[in-house]
Number of protein chains: 2
Amino acid sequence: VSAHYHRVSVRGVGELAAIDALERVLRRGAPPRGVLLGIGDDAAVISLGKERLVFTIDASFEHVHFERGLLSLADVAFRSFAAAVSDLAAMGAEPVAALSALGLSAGTPKSTVVALGRGQAQASRAFGCPLVGGNISRAAELSLTTAVLGRAKRPLRRAGARAGDELWLVGELGLARAGLLLSKRRMRGAPAAALRAFRRPAPRLAEGRALAGRARACIDVSDGLSGDAHHVARASGVRLVIEEVALRSALPAALGRAARLLGSDALQLALVGGEDYALLAAGPRRLRPRFARRIGRVERGSGAVLELASGRLRRLGRGYEH
Amino acid sequence: VSAHYHRVSVRGVGELAAIDALERVLRRGAPPRGVLLGIGDDAAVISLGKERLVFTIDASFEHVHFERGLLSLADVAFRSFAAAVSDLAAMGAEPVAALSALGLSAGTPKSTVVALGRGQAQASRAFGCPLVGGNISRAAELSLTTAVLGRAKRPLRRAGARAGDELWLVGELGLARAGLLLSKRRMRGAPAAALRAFRRPAPRLAEGRALAGRARACIDVSDGLSGDAHHVARASGVRLVIEEVALRSALPAALGRAARLLGSDALQLALVGGEDYALLAAGPRRLRPRFARRIGRVERGSGAVLELASGRLRRLGRGYEH
C-alpha cells in the first residue's frame, strides 16, 4: 500500500497503476544536472562538489502503515524514521540529517506529539542521524513523513548484479512480520526478538557502508525478500535464485519459534515479510564479508525464483502475497 | 493550521501548543555535528565539506491547505512545491533537488496522479529544482509533502536584523490571499494578477540569492507580513516597525482593485495574506538592492508594529487573524 516512485515496481495496489505515467510526466521537470541517480532506486544520488549526496523520503500513515493499538506512539515514530534511514543503508551511505513532517488530526493532545518526538529522538540517536527540523500540519489522520540526507563515496545501487555473483543476506528476515502477526493475535510467549524487530527495526547502516566496494548491487528488504529480489533482478537485468536450504540456515532461531506459534512456516515469513530492513546484496564470493550470509546466486535471465531443497524451482511473487 | 517546528512561533492552532515540548524532546536525538542551524529558522543549514546545504520540508493537506474546488490539481501541486522552495529563497539558497511524498486516497484515478505530477514538473522547471524521486502512499486524504535541498555560500537567517536597518520588501503582498477570496466568492472581474498569485506563486529565488551579502536577516512571507515580521523580530531581538505610508506605496495596483471588489482594504490583505512568498529582509540603507522596496525600519525593542500615516502605532498580530 505504499510505493516509492523511485522504485522499479510497486506493491500490488490498483490505484498505483499510474506510477509509470507519473514518472513520464515528472521527466518534464528541471533538467537533473548533477543528479547521478534519479527516479528508480532506493534513493536519489546527487553530485555536489566532491560529495555524493543520497536523498530519500518515506511516509507512514495511520491505518495504512501502522495501527496505534499494536505499537506505542514512540514505536510508530521510531519505525517510520527507520524506514527512511534504511534506504541510506541500502546505498552504503552514512546519514547526514533528517527532516520530519507530522500530520496531526484536530485535537491531538500534547502528549501524543511528545511521544512521537521521543520515538524520533531515539531513532535519531540510534542511527546517528540528527533531526534538524520539520513541519507540523493539521490533517485528517496521523502521519509521519521523513526525508533523509546521506553521503556515500561509492553509492550502492540495485543495478550491477552479474551472473556468477553470490546473493548475500545481511540482518534478519521475517521477524518483524512475525512480531506484527503475534501482536495482532495477542499471542503469549511471543519471542522477544520478533516483537523487537517489529517495534524497533534497525537499519543496517554500518554493514551497508562495509558492503560498498564489495557488493555489486544492494537493496533493503522492505517489501519482502520475494518482491525485493525482483527489484534487483529487474534493475540488474539478471535472474536471482534464492536457495531454500541456504536461506533456511540463515534464518534466526526465533523465527522458527514464532512460526510454530503462528502455525506458519518460517520460510514463508522470510519471503513475504518486509520491514526488518535486512539488506540483500549481490557480489563475488571472494568479497563476501563475514557479516553476510550466502542465500543464493545470480544467473543470466530475469525474475526471481526459489530453488527448493528438492531442486525444483518456484517462481517468487513480485509483491505482497498475503 | 500549519507550523514549521523549526520556526519560532506557530499559527494559532490549539493542538500545536505542544511545539515547545516537541522541540525539547527532539534535542535528545543524535548530536547535530556539522549542523550550523537547526530547529528555529526557515530551513536547516548543514556544513558538508566545503558546502553549506540548506534543507527544508513542507506539507499540504486537502481541506487544510487547499480545496480542489478552487484550484486545479496541477495548481495544487505547483503551490505545494513553491511553498517548500520559498524556504530556500528566504535563505538565499539555490535549489539542488527535491523529493515528494504523495498521499492518495483509495481509488484515486490515474488522471489525478498525472495532473499532480504535471504541476510538480512545471514547478520543478520554473524553479530550476529537479524532482529526483519520491514516495506514494495510500492515505485518508490527498496530501503532498515536499523536501527540498539547496546550497548557499552565506545562508540568510531570521536572526541578524539590527536597530537602524531598513525593512525591505521583495515581491508582492496580499495578491494570493485576494485571489483565494475572489475564487471562493466566485467573483467576476477578478484581477488576473491575483488569481495567478494564488494559483502559481513564484518563490523569489534570484532575489534571495542577491540579498545574501546585503541583507542582515530575511524571511519568506508565508504566514502573512504581520506574523512573519514577529518571527524576524523575535529571532533578531529587535522591534520591526512597518510604515503604513511606505507599505501602501509598495503594494501592487491589482491589490487595490481586488480589495475594492472584496469590500476589503489592500493594507489589511497585505498584512495578513501569506503565500505570495514575498521576502521580508532587513539591511543597511546603502546596501538596499534595486528590486527591494523600503517598507519600514528596525528599532531597539521587541515585537512588530504598524506606524499609521497619523504617526500612531498599532501592534501587529502574531499570526492568522482572519
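Because the structure is a prediction, the values reported are computed rather than measured.

A. Structural context of helix α9 (residues 253-262) of chain A. All names here are of chain A. Where α9 is concerned, the buried positions are Ala-254, Leu-255, Gly-256, Ala-258, Ala-259 and Leu-262. Here the buried face of α9 lies against α4 (175-184), α5 (192-199) and α10 (266-272). Phi turns positive, to about 65 degrees, at Gly-263, one or two residues after α9.

B. A look at the pairing of strand β8 (residues 166-170) of chain A. All names here are of chain A. With 5 of 5 residues buried, β8 is to be regarded as a mostly interior element. On β8, burial covers both faces: Glu-166, Trp-168 and Val-170 on one face and Leu-167 and Leu-169 on the other are all buried. Bridge analysis of β8 against strand β11 (residues 279-283) gives 5 bridges, and the strand direction is antiparallel. Counterpart to Val-170 in the pairing with β11 is Leu-279. Pairing analysis gives 4 bridges linking β8 to strand β12 (residues 293-299), with the strands arranged antiparallel. Looking across to β12, one finds that Trp-168 is bridged to Arg-294.

C. Highlighting the nonpolar core. Residues Val-54, Phe-81, Leu-116, Phe-127 and Leu-211 of chain B are the most contacted members of the largest nonpolar core, which totals 52 residues. The dominant element in this core, judged by the number of residues it contributes, is helix α2 (residues 73-90) of chain B, at 11 residues. In this structure, Ala-43, Val-85 and Ala-152 of chain A together with Val-25 of chain B belong to the second largest nonpolar core, which totals 51 residues.

D. Representation of the relation of the copies chain A and chain B in the model. Between chain A and chain B, the superposition needs a rotation of 180 degrees and an axial shift of 0.0 Å, giving an RMSD of 0.0 Å. Here the two chains are linked by the operation of a two-fold rotation axis.

E. Structural view of the packing of aromatic side chains. With the rule as written, the count across this model stands at 5 aromatic pairs over all chains. Ring geometry for Phe-81 of chain A and Phe-127 of chain A: centres 6.1 Å apart, planes at 50 degrees, overall tilted. Here Phe-81 of chain A is found in helix α2 (residues 73-90), whereas its partner Phe-127 of chain A is found in helix α3 (residues 110-127), with 46 residues between them in sequence. Phe-81 of chain A sits in the buried class, given a relative accessible area of 1%. Residue Phe-127 of chain A is classed as buried on the basis of its relative accessible area of 8%. Judged by centre distance (5.3 Å) and plane angle (65 degrees), the rings of Phe-78 of chain B and Phe-127 of chain B are edge-to-face. Pair noted here: Phe-78 of chain B is in helix α2 and Phe-127 of chain B is in helix α3 (residues 110-127), with a separation of 49 residues, a long-range link. As far as burial versus exposure is concerned, Phe-78 of chain B and Phe-127 of chain B are alike and both buried. Ring pairing ties together the aromatic residues Phe-78, Phe-81 and Phe-127 of chain A, which thus form one cluster.

Quick notes on the rules
- Within any chain, residue numbers begin from 1 and follow the written order of that chain's sequence.
- Just so you know, chain letters begin at A and ligand numbers begin at 1, following the order they were written in.
- Side-chain atom pairs in this predicted model are given and counted only at pLDDT of 80 or more, local residue features only at pLDDT of at least 70, and totals for whole chains, interfaces and linings cover all residues.
- Calculation of side-chain values draws on the structure's entire complement of heavy atoms; hydrogens and water are dropped beforehand.
- Exposure categories follow from relative accessible area, calculated using a 1.4 Å probe and restricted to protein chains: below 20% of the type maximum is buried, above 50% is exposed, and the middle band is partly exposed.
- For the purposes of this entry, the term helix denotes a DSSP run of H or I that reaches at least four residues, the term strand denotes a run of E that reaches at least two, and both are numbered from the N terminus.
- The criterion used for residue contact is that any of the two residues' heavy atoms lie within 4.5 Å.
- Pairing between two strands is assigned when DSSP locates at least 2 bridges connecting them.
- Joining through side-chain atoms within 4.5 Å is the link that ties buried Ala, Val, Leu, Ile, Met, Phe, Trp, Tyr and Cys residues into a set, and such a set is a nonpolar core.
- Least squares is the method used to superpose the copies, on C-alpha atoms of residues holding a pLDDT of at least 70 in both.
- Note on aromatic pairs: the rings of Phe, Tyr and Trp (six-membered ring only in Trp) are paired at centre separations within 6.5 Å, and the planes decide the class, stacked below 30 degrees, edge-to-face beyond 60, tilted for the rest.

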